[in-house]
There are 2 protein chains.
Amino acid sequence: MEREGPLFPYFDFCMPDALWEEKTWEKAERKMLKFVIDRAAKKAGLNLKDIDAIVAGDLLNQIISSSFAARDFNMCFLGQYGACSTMSQSLIVGGAFVEGGHFKNVACAASSHFATAERQYRFPLELGCQRPPTAQRTVTGAGCTILTQNKSHIKINGGTIGKVTDWNISDANNMGAVMAPAAADTIYRHLKNTDTSPNDYDYIVTGDLGFFGKELCSEILKKDYSLNIDSVHIDCGCEIYTKDMDVDSGGSGCGCSASVFNGYLLKKMKNKEITKILLVATGAMLSLTTALQNETIPGIAHAVEIERLS
Amino acid sequence: MEREGPLFPYFDFCMPDALWEEKTWEKAERKMLKFVIDRAAKKAGLNLKDIDAIVAGDLLNQIISSSFAARDFNMCFLGQYGACSTMSQSLIVGGAFVEGGHFKNVACAASSHFATAERQYRFPLELGCQRPPTAQRTVTGAGCTILTQNKSHIKINGGTIGKVTDWNISDANNMGAVMAPAAADTIYRHLKNTDTSPNDYDYIVTGDLGFFGKELCSEILKKDYSLNIDSVHIDCGCEIYTKDMDVDSGGSGCGCSASVFNGYLLKKMKNKEITKILLVATGAMLSLTTALQNETIPGIAHAVEIERLS
């Protein structure tokens, strides 16, 4: 599906199929993460032994994609869980360690896989369940950013860590509505704390609100925060697929913002097409256990401000 | 069980039972985390609104104890997953943000609950499965440390982030053997990088290796690293229970090192009984999915060096 989407030309590599020569989808997801960490290091001109640490996460229980991928690298590992907000969370955490001088080079990564997520969070794929229009398709994708103390044309200016918000939504097929309030809160706080306005950014990029959630986020920002970001607002979940594809409300998953940010947006920055973005990856704290115990689904969103130096 | 153990007098509070007036064990675990964050803030002389962020994790899928606890606090949240190594992982991550000046006060917390862990990772309690002698009992406990830029008598000198190690063990009832090599590697690297020897510490405190794993760790250190830490080596999983209790190889879980460190060791530091410790919380990346897919269990251990200033 990601191959058929409009961003395909930007991606470094596309797997031939969902299994990628592995026996299970979970093993394939792990292989994806290992691939992007290795590839990102090479593209940064670094040997793997120069990478001090991996800061990564994914959607699977016990973040097995990340921890089992890290097993094959001789690097320090800090496992993150922020649901689909993991890409920006890992950039924030990795950034603090690089800025603080604790590490020279850190690999920040995230992944998701449609088939592993669907069978863990919803139904076996074999059931062929119908999905409502607000459902989103978990992106099969992974991305890795290398943060370095070496000279670079692109830097992280700072970020805003999200708060866990809950608007009492319990529909596991409406993650956009869960995450939109969290995204709005984080975007508002970031702009206020940095004294910037939407026009200071080429894009404010939400993670994976999807078509429905993106609209909702825009509405919340206007109504509750008197803030209009429409002119610069794009959403990774809306960019990676088109509306006419069979993806309901668009893309989701850690791999959505990870692949769109690393594959598409960073390339546009390198090509000097854009200068400054605010990446606001968004996560829904969906859990089978809490759903069965009549809980609602909280959301979170972390913002990272990334700029190209002239 | 924790009430019957030798450290009971050190703990701030002991729940009356495993449910603590909640409908489910999972809700009780969440209540424990909320309780320790609130209590730790009060003991640090801070209002909750002075705490900028929560850095926390637990053993449950999607770290629901931490994220749902964070929902009830108006604070930034960074979810961590390092299995039972989470207490030291959260201290390392929280410490980087406080040292870097990004936050003034950060709550670092972790929890585990025997009943929630047992039914998620192993068998329903109602089955009454027999356990082998290498099995450990997940501690029902939680702990929180407030890291602050304010003046304090106790500080974190630094830490060593763990690498994911795998010695090809696939027995879910032998977590000590999974974590011992990881602990040995991290202890060795920390002592080497800081140019210290075991005698520079009052205690080198492994997280939850248990009776069997502690011995194994000691053996690995001697054989593979020519390092003898026996005179200062204690293990939270061996301290919290006694051998004559029905706990097989001792305690485990994020809550083991979290409660022993925050309840017992920090109090001994405050009372000037000890000056410097190396806390090496240890985690086993146990997962139902990977176990079913014939994978072994990797381990990780993070070390934090904590010192009392005169």
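Structure's up top.
For the structure given in this document, a descriptive report is provided here. This structure is a prediction, so every number in the text was calculated from the model and none was measured.

So, on to the side chain of Ser90(A). Residues and elements named next belong to chain A. Looking at the secondary structure, you find Ser-90 in helix H3 (residues 86–99). Polar side-chain contacts of Ser-90 include one of 2.9 Å to the backbone oxygen of Met-87. Look past the residues within four positions of Ser-90 in its chain and what remains in contact with it is Val-55, Gly-95, Cys-108 and Ala-109.

Below, the discussion takes up the packing of aromatic side chains. Residue and element names in this part refer to chain A. The tally for this structure, following the rule as stated, stands at 12 aromatic pairs over all chains. Where Tyr-188 meets Tyr-225, the ring centres are 4.7 Å apart and the plane angle is 35°; that geometry is what we call tilted. One end of the pair, Tyr-188, is in helix H5 (residues 175–193); the other, Tyr-225, is in helix H6 (residues 210–225), and 37 residues separate them in sequence. By relative accessible area, which is 23% here, Tyr-225 ends up partly exposed.

This brings us to the side chain of Thr24(B). With respect to the helices and strands, Thr24(B) occurs in the segment before helix H1 (25–43). For Thr24(B), the contacting residues outside a window of four places in its chain are Gln293(A) and Leu19(B).

For the α-helix, the turn length of 3.6 residues means that residues three or four positions removed from each other point alike. All names here are of chain A. With 17 residues, helix H8 (residues 254–270) extends 23 Å from end C-alpha to end C-alpha; this agrees with the ideal 24 Å at 1.5 Å per step. At Phe-261, H8 shows its largest bend, some 35°. Counting buried positions along H8 yields 15 of 17 residues, so the element is predominantly enclosed.

Taken together, the contact pairs 50 residues of chain A with 50 residues of chain B. When the buried surface of chain A facing chain B is broken down by residue, Gln62(A), Arg71(A) and Gln293(A) rank first, second and third, together holding 16% of it. Here chain A and chain B share eight salt bridges between them. In this assembly, chain A and chain B are joined by 31 residue pairs in polar contact (both at pLDDT 80 or more).

What follows concerns the relation of the copies chain A and chain B. Expressed as a screw transformation, the operator carrying chain A onto chain B has a rotation angle of 180° and an axial translation of 0.0 Å, and the superposed copies differ by an RMSD of 0.0 Å. Classification of the inter-copy transformation places it as that of a two-fold axis. A symmetric contact is evident, with 100% of the interface residues of chain A recurring at the interface of chain B.

For a regular strand, side-chain orientation follows a simple rule: the groups alternate between the two sheet faces. Residues and elements named next belong to chain A. Burial along strand E7 (residues 203–206) is two-sided: Tyr-203 and Val-205 facing one way and Ile-204 and Thr-206 facing the other are all buried. Relative to strand E10 (residues 276–284), E7 runs parallel, the two sharing four bridges. Looking at E10, one finds that Ile-204 is bridged to Leu-278. Relative to strand E8 (residues 233–235), E7 runs parallel, the two being bridged by three bridges. In the sheet register, Val-205 faces E8, and the bridge partner there is Ile-234. Chirality of the crossover, the property in question, places the unit of E7, H6 and E8 among those that are right-handed.

Below, the discussion takes up the pairing of strand E1 (residues 53–58) of chain A. All names here are of chain A. Counted residue by residue, E1 has six buried out of six residues, so it is predominantly covered. Residues Ala-53, Val-55 and Gly-57 of E1 are buried on one face, and the alternating residues Ile-54, Ala-56 and Asp-58, pointing to the opposite face, are buried as well. Summarising the sheet, E1 and strand E3 (residues 105–112) pair through six bridges and their orientation is parallel. If you follow Ala-56 over to E3, its bridge partner there is Ala-109. By the bridge criterion, four bridges tie E1 to strand E2 (residues 76–79) in an arrangement that is parallel. Directly across from Ala-53, in E2, lies its bridge partner Cys-76. Read as a crossover between parallel neighbours, the route from E1 over helix H2 (residues 64–71) to E2 is right-handed.

Within a sheet, neighbouring strands are paired by backbone hydrogen bonds and run either parallel or antiparallel to one another. Residue and element names in this part refer to chain B. Read across the sheet, four strands follow the order E2-E1-E3-E5 without closing on themselves; strand pairing throughout is mixed. Only two strands of the sheet have a single neighbouring strand rather than two, namely strand E2 (76–79) and strand E5 (141–148). Going from strand to strand, the sheet's axes swing by 20° on average, the running direction of each strand aside. Examined bridge by bridge, strand E3 (residues 105–112) and E5 share eight bridges and lie antiparallel to one another. The residue of E5 that forms the bridge with Cys-108 is Thr-145. Contacting strand E1 (53–58), E3 and E5, helix H8 (residues 254–270) crosses the sheet at an angle of about 60° to E5.

On to the packing of H3(A) against helix H3 (residues 86–99) of chain B, then. Orientation of H3(A) relative to H3(B), taken along the N-to-C sense of each, is 65°, at an axis distance of 9 Å. For the pair H3(A) and H3(B), the crossing hand works out as left-handed. Contacts between H3(A) and H3(B) involve Ile92(A), Val93(A), Ala96(A) and Phe97(A) from the first element and Ile92(B), Val93(B), Ala96(B) and Phe97(B) from the second. Classifying every residue of the contact of H3(A) with H3(B) by side-chain character gives eight nonpolar, no polar and no charged.

All right, on to the sheet that holds strand E7 (residues 203–206) of chain B then. Residue and element names in this part refer to chain B. Strand order across the open sheet formed by five strands is E6-E11-E10-E7-E8, with mixed pairing between neighbours. The open sheet has two free edges, formed respectively by strand E6 (154–160) and strand E8 (233–235), since each of these has just one partner strand. Neighbour to neighbour, the strand axes of the sheet diverge by 25° on average, direction disregarded. Against the sheet, H3 makes contact with E6, strand E10 (276–284) and strand E11 (299–308), and its axis sits at roughly 60° relative to E11, the strand it touches most.

Rules used in this analysis
- Residues numbered from 1 in each chain as written.
- Chains lettered and ligands numbered in written order.
- Predicted model: local features only at pLDDT ≥ 70, side-chain atom pairs only at ≥ 80, totals over all residues.
- Heavy atoms only, no water.
- Helix = DSSP H or I, 4+ residues; strand = E, 2+ residues; numbered from the N terminus.
- Polar contact = N/O pair within 3.5 Å; in protein donor to acceptor, adjacent residues only side chain to side chain.
- Contact = heavy atoms within 4.5 Å.
- Phe/Tyr/Trp six-rings, centres within 6.5 Å; stacked < 30°, edge-to-face > 60°.
- Buried < 20%, exposed > 50% of the residue type's maximum accessible area, 1.4 Å probe, protein only.
- Expected span 1.5 Å × (residues − 1).
- Bend = angle between axes of the 7 residues up to and from the residue.
- Buried area = accessible area lost by both parts, 1.4 Å probe.
- Salt bridge = Lys/Arg side-chain N within 4 Å of Asp/Glu carboxyl O.
- Least-squares fit on C-alpha atoms with pLDDT ≥ 70 in both.
- Pairing = 2+ DSSP bridges.
- Right-handed = clockwise from strand over helix to strand, strands pointing away.
- Axes fitted to C-alpha atoms, helices over the stretch in contact; angles between N-to-C directions.
- Left-handed = near helix turned anticlockwise from the far one by under 90°.
- Nonpolar A, V, L, I, M, F, W, Y, C, P; charged D, E, K, R; others polar.

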